[in-house]
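# Breakdown of the fold
These are the residues of each chain, in order.
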Amino acid sequence: MNQAPTTPAPAEACASCDVYRAAQLKKLGLAAGDHDFVVALAGNPNTGKSTVFNALTGLRQHTGNWPGKTVARAEGGFSYRDRRYKLVDLPGTYSLLSTSVDEEIARDFLLFGRPDVTVVVADATRLERNLNLVLQVLEITGRAVLCLNLMDEAERHGVKVDDRQLARDLGVPVVPASARFGRGLPELLGAIEQVALSPVSGRVHRLSEEPPAIRSALGELTARLRAAYPDLPNARWIAMRLLGGDDRVASALRRGELAGLADRARGAREGLFNEAKEAAR
Amino acid sequence: MSTPPEVGAADVSAGAGEEIFQLSRRLRGGIEGDVHEHLVEALYADAGRIASRAVSRPGRERRATFDATLDRIVTSRVWGFPVMLGLFALIFWLTISGANVPSALLADLLVGQGYPWLRDLAVAAGLPAWLRGLTIDGMYLATAWVVSVMLPPMAIFFPLFTLLEDFGYLPRVAFNLDRLFQRAGAHGRQAMSTMMGFGCNAAGVVATRIIDSPRERLIAILTNNFALCNGRWPTQILVATIFIGGLVPAHFAGLVSAAAVTGVAMLGVGFTFATAWLLSRTILKGQVSTFSLELPPYRPPRFWRTLYTSLIDRTLFVLWRAVVFALPSGALIWLSANVEVGGRSLAEHAITGLDPLGLALGLNGVILLAYVIAIPANEIIIPTVLMLTVLSAKMTGVGGEAGVIFELDSPEEIKRVLTAGGWTVLTGVNLMLFSLLHNPCSTTIYTIYKETRSARWAALATLLPLFIGFAVTALVGFLWRALA
């Protein structure tokens, strides 16, 4: 389900056309009160998250060419093909493992805010470094889209990125974009919708090489977590954090908050998915 | 369709959670080495493999040469600081020399023309004298002053600064300053929150969230006030133009004033380092953390959009804040000038009371009172000082009634009023210093309280710069008089 976005709508030719898609976008600015889906924007600092945010919501979050500009989360809304989305712009972080306030804000929202879709904005010119965060996000949630931003710069610098190879390896949709110039945004909207409406996340990349030193401990703890919370989509990541001594995750576990993490939005999503299937029939 | 969690499920899982937590602690004990490092290694290995499969570089890296050359210059040990100082001085010079004419025009329009017109209108409408005084002499005049003093410099300064920001120069400044921050015992990322502080200290305090060590974050919060915020730029620019620029021939005035403002801003950076050094060796001892700083590629700024957003987001936003605070302050000043106790107005009582301390500091009672009234916003210092000066000096021909300022539509006019109020070059110099070194505005103090969740740190952040301000102005005053 992850590659080649197939839209099972009647007017298929229309649905895949940029002009048509862009016309389906309504920027709702701050009016995100009543929404069907929550979309989080994560990514390394200075990759253009706020630019994507502004382009989709019509808001004017201050953007700047320096890392660390957004330190709080900003929220806005847009509507695409008659569904309303709340978009949350998270602080840019290099990882989700440290304890600075900005990383905690991003991590807590991904883990406890349970967005329906997480868009990870990555700098195409510095893919390897950006992938560190992408892989961490994928450990938390498979309901993700990778927005490969700054493609214009990558081209100028002679860097070529094979987005289809990347999508195969990561198991999530990959959308090349140049948000500063509005390029790739229609495709991004399509991918967001696709992930929002699909009932389960596909075969998402998980860390392939478990460090040998922690393999057995990780296996045991993950198994116990899965047994206790069958709905938890990121048991292994939680196990890793527990082994790493993450106080925030530990206290959530001890207070029984993890039970609440079982897919809260799933019901609503399945409802919409069935609706879409009905309509397609 | 949805299945809400069953009642009681939380209790069960809380028990299971505790059990799993205990298991994790046992397992942790049996792991060799650092879990975190094992994990990061695995992440890097995977990221490297995936990236190598997806990325190819068929083309030559063309821009690398341009970016690298530029970076070699602006971050070089020799040229880094001169380039930085030069760029900032250029921005200040453009601001100072460009703002004069529109400022005078606005003052003429709002104060020179608008004020008498409104007054006549109020008289014709039969408004009682006290209401006329409160609204037009107090609130309108203070607001008109704020707009004419602040709007032109901000409309020039912010777009220029934002263009530099969009281009990608700020991380290079952070890179240059990093060595100094490290030597001062502070975190290199503090350079970023300091840069934000040049816009607004409250925003700068929030920006310290990117610093993960609590110790270094506190240092960054406590010293952010030494970054000259935009509410203080108009004061600096006007006082420098009048008192420093006035010392040299007219065609050098703009340049010398710009140099003076740059000097004060750099002095602030100096105080940031000195205070950070002091804090990290006394109440906030500890190790300096390492971090990585990314130098993003230079990007051609999108000129018109930058112009538009910086005008809307920054200039008008800050101006609006100033206006919101100027309205009640104008009323307050008018009231303090017109409510009399024992034959003298409240303001006169306060000024006489503060004068001994003020004069000892090389300032005066008017300035100190103005800084009390202007705690909510530094932006209204100049209008407040002028109103109070006119009032306390009992000037005739300038203010028609108590607490009224008239046509002061050029720096020369303002200088005439201030000189008549007993100001000297020393007062001007010390006002510039005190504007840099005094308590943060109430918004910033509240932000510090919110970010640190501690009244004690907020109090220290308030009193520390004030204390330094008193010490520095007193010292300068003493030396000045000793040498004169």
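Model, not experiment: these values are computed from the prediction.

Criteria and cut-off values
Residues numbered from 1 in each chain as written. Chains lettered and ligands numbered in written order. Predicted model: local features only at pLDDT ≥ 70, side-chain atom pairs only at ≥ 80, totals over all residues. Heavy atoms only, no water. Helix = DSSP H or I, 4+ residues; strand = E, 2+ residues; numbered from the N terminus. Buried < 20%, exposed > 50% of the residue type's maximum accessible area, 1.4 Å probe, protein only. Contact = heavy atoms within 4.5 Å. Areas by Shrake-Rupley, 256 points an atom, 1.4 Å probe, with all protein chains shown as cover. Core = buried A, V, L, I, M, F, W, Y, C linked by side-chain atoms within 4.5 Å. Expected span 1.5 Å × (residues − 1). Bend = angle between axes of the 7 residues up to and from the residue. Pairing = 2+ DSSP bridges. Phe/Tyr/Trp six-rings, centres within 6.5 Å; stacked < 30°, edge-to-face > 60°. Polar contact = N/O pair within 3.5 Å; in protein donor to acceptor, adjacent residues only side chain to side chain. Disulfide = S-S within 2.5 Å. Axes fitted to C-alpha atoms, helices over the stretch in contact; angles between N-to-C directions. Parallel < 35°, antiparallel > 145°, perpendicular 65-115°, else oblique. Left-handed = near helix turned anticlockwise from the far one by under 90°. Nonpolar A, V, L, I, M, F, W, Y, C, P; charged D, E, K, R; others polar. Salt bridge = Lys/Arg side-chain N within 4 Å of Asp/Glu carboxyl O.

It is worth spelling out the overall build of chain B at this point. When helices and strands are tallied, chain B shows 19 helices and three strands. Relative to its 484 residues, chain B shows a buried fraction of 52%. Considering only residue pairs separated by 6 or more positions, chain B has 77% of its internal contacts joining residues 24 or more positions apart.

To continue, consider the overall build of chain A. Summing up its helical and strand segments, chain A has 13 helices and eight strands in all. Considering chain A as a whole, with its 281 residues, one finds that 61% of them fall into the buried category. A fraction of 71% describes how many contacts in chain A between residues 6 or more apart in sequence connect residues 24 or more apart. When the accessible surface of chain A is summed, it comes to about 10,600 Å², and 50% of that surface belongs to carbon and sulfur atoms.

For the rest of this paragraph, the subject is the nonpolar core. Residue and element names in this part refer to chain B. One finds W233, L388 and L418 to be the most contacted residues of the largest nonpolar core, which totals 107 residues. Examining the composition of this core, we find that 13 residues originate from one element, helix α5 (residues 129–167), more than from any other. Setting aside its immediate chain neighbours within four residues, L418 contacts I242, F243, V385, L386, T389 and W423.

All names here are of chain B. In this model, helix α6 (residues 170–183) (14 residues) spans 20 Å end to end at C-alpha, consistent with the 20 Å of a helix rising 1.5 Å per residue. Of all the bends in α6, the greatest, near 40°, is centred on L177. L170, P171, R172, V173, A174, N176, L177 and F181 are the residues of α6 that are buried. Where α6 terminates, the next one or two residues include G185, which has phi positive at roughly 85°.

All names here are of chain A. Counting buried positions along strand β4 (residues 83–89) yields six of seven residues, so the element is predominantly enclosed. Sheet topology note: the strand β2 (residues 37–43)/β4 ladder contains five bridges and is parallel. The partner of V39 across the bridge, within β4, is L87. Pairing of strand β3 (residues 74–80) with β4 involves seven bridges; the strand directions are antiparallel. Its bridge partner being in β4, S79 is matched across the sheet by R84. Taking the residues between adjacent antiparallel strands as the criterion, β3 and β4 are bridged by two residues, where R81 takes a positive phi near 50°.

On to the environment of B:G362. Residue and element names in this part refer to chain B. Take G362: it is sitting in the loop between α13 (346–360) and α14 (365–373). Judged by relative accessible area, which is 4%, G362 ranks as buried. Distance from G362 to T427, taken between C-alpha atoms, is 5.7 Å for residues 65 residues apart in sequence. When residues no more than four places from it in sequence are discounted, the contact partners of G362 are L426, T427, N430 and R481.

A separate point is the packing of aromatic side chains. A complete count under the given rule lists nine aromatic pairs over all chains for this structure. With a centroid separation of 4.8 Å and an interplanar angle of 65°, the aromatic rings of B:F181 and B:F273 are classed as edge-to-face. Within this pair, whereas B:F181 is found in helix α6, its partner B:F273 is found in helix α11 (residues 250–281), the two being separated by 92 residues in sequence. Each member of the pair, B:F181 as well as B:F273, carries the same accessibility label: buried. For the ring pair B:F243 and B:W423, a centre distance of 6.0 Å and an interplane angle of 20° mean the geometry is stacked. Of this pair, B:F243 sits in helix α10 (residues 233–244) while B:W423 sits in the loop between α16 (411–420) and α17 (425–436), and the two are 180 residues apart along the sequence. There is no split in this pair, since B:F243 and B:W423 are both buried. Put simply, the rings of A:F37, A:F78 and A:Y85 pair up and form one aromatic cluster.

All names here are of chain B. Along the chain, the position of T389 falls in helix α15 (residues 381–392). T389 sits in the buried class, given a relative accessible area of 2%. A distance of 2.6 Å separates the side chain of T389 from the backbone oxygen of V385, its partner in a polar contact.

It is worth spelling out the state of the cysteines at this point. Residue and element names in this part refer to chain B. By the definition in use, this model includes zero disulfides over all chains. Residue C229 stays outside any disulfide, its sulfur separated by 6.4 Å from that of C441, the closest cysteine. Classification of C229 as buried rests on a relative accessible area of 10%.

In this section: the packing of α11(B) against α17(B). Residue and element names in this part refer to chain B. Between α11 and α17, the least distance of the axes is 10 Å, while the angle of their chain directions is 40°. Regarding the angle of α11 to α17, the classification is oblique. Judged by the twist between their axes, the crossing of α11 over α17 is right-handed. Where α11 abuts α17, its residues A260, V261, V264, L267 and G268 lie against M432, L433 and L436. Across the contact of α11 with α17, the residue classes break down as seven nonpolar, one polar and no charged.

All names here are of chain A. Of note in this structure, N46 is not a glycine but carries a positive phi near 60°. Mapped onto the elements, N46 comes out in the loop between β2 and α3 (49–57). Even without being a glycine, L150 presents a positive backbone phi close to 65°. Within the secondary structure, L150 is located in the loop between β6 (144–149) and α6 (151–156). Overall, L150 belongs to the buried group, its relative accessible area being 7%.

For the rest of this paragraph, the subject is the pairing of β2(A). Residue and element names in this part refer to chain A. Along β2, seven of the seven residues are buried, which leaves the element largely enclosed by surrounding structure. Sheet topology note: the β2/strand β5 (residues 117–123) ladder contains five bridges and is parallel. Paired with V39 across the bridge in β5 is V117.

We now examine the environment of A:G171. Residue and element names in this part refer to chain A. As for its placement among the helices and strands, G171 is situated in the loop between α7 (163–170) and β8 (174–176). You can call G171 buried: its relative accessible area is 4%. The sequence separation of G171 and V204 amounts to 33 residues, and the corresponding C-alpha distance is 4.3 Å.

A separate point is the pattern of salt bridges. Overall, the coordinates contain 18 salt bridges over all chains when judged by the stated rule. A:D123 is paired through a salt bridge with A:R126; the nearest N and O atoms lie 3.8 Å apart. With respect to burial, A:D123 and A:R126 carry one shared label: buried. Residue B:R209 is joined to B:E451 by a salt bridge in which the shortest nitrogen-to-oxygen separation is 2.9 Å. Of this pair, B:R209 sits in the loop between α8 (201–207) and α9 (214–223) while B:E451 sits in helix α18 (residues 442–452); the two residues are 242 residues apart in sequence, bridging distant segments of the chain. B:R209 sits in the buried class, given a relative accessible area of 16%. Note on B:E451: relative accessible area 14%, which makes it buried. Overlapping salt bridges, with partners in common, bring together A:R107, A:D108, A:R241, A:D246 and A:R248 in one network.

Glancing now at α5(B). Residues and elements named next belong to chain B. In a regular helix each residue adds 1.5 Å, so 39 residues correspond to 57 Å; α5 covers 54 Å between its end C-alpha atoms and thus fits that length. At M150, α5 shows its largest kink, close to 30°, and the proline P152 lies no more than four residues downstream. Among the 39 residues in α5, 28 count as buried, and that is most of the element. Positioned one or two residues after α5, G168 has a phi angle of 110°, which is positive.

Geometric descriptors of this kind do not, in isolation, establish any biological role.
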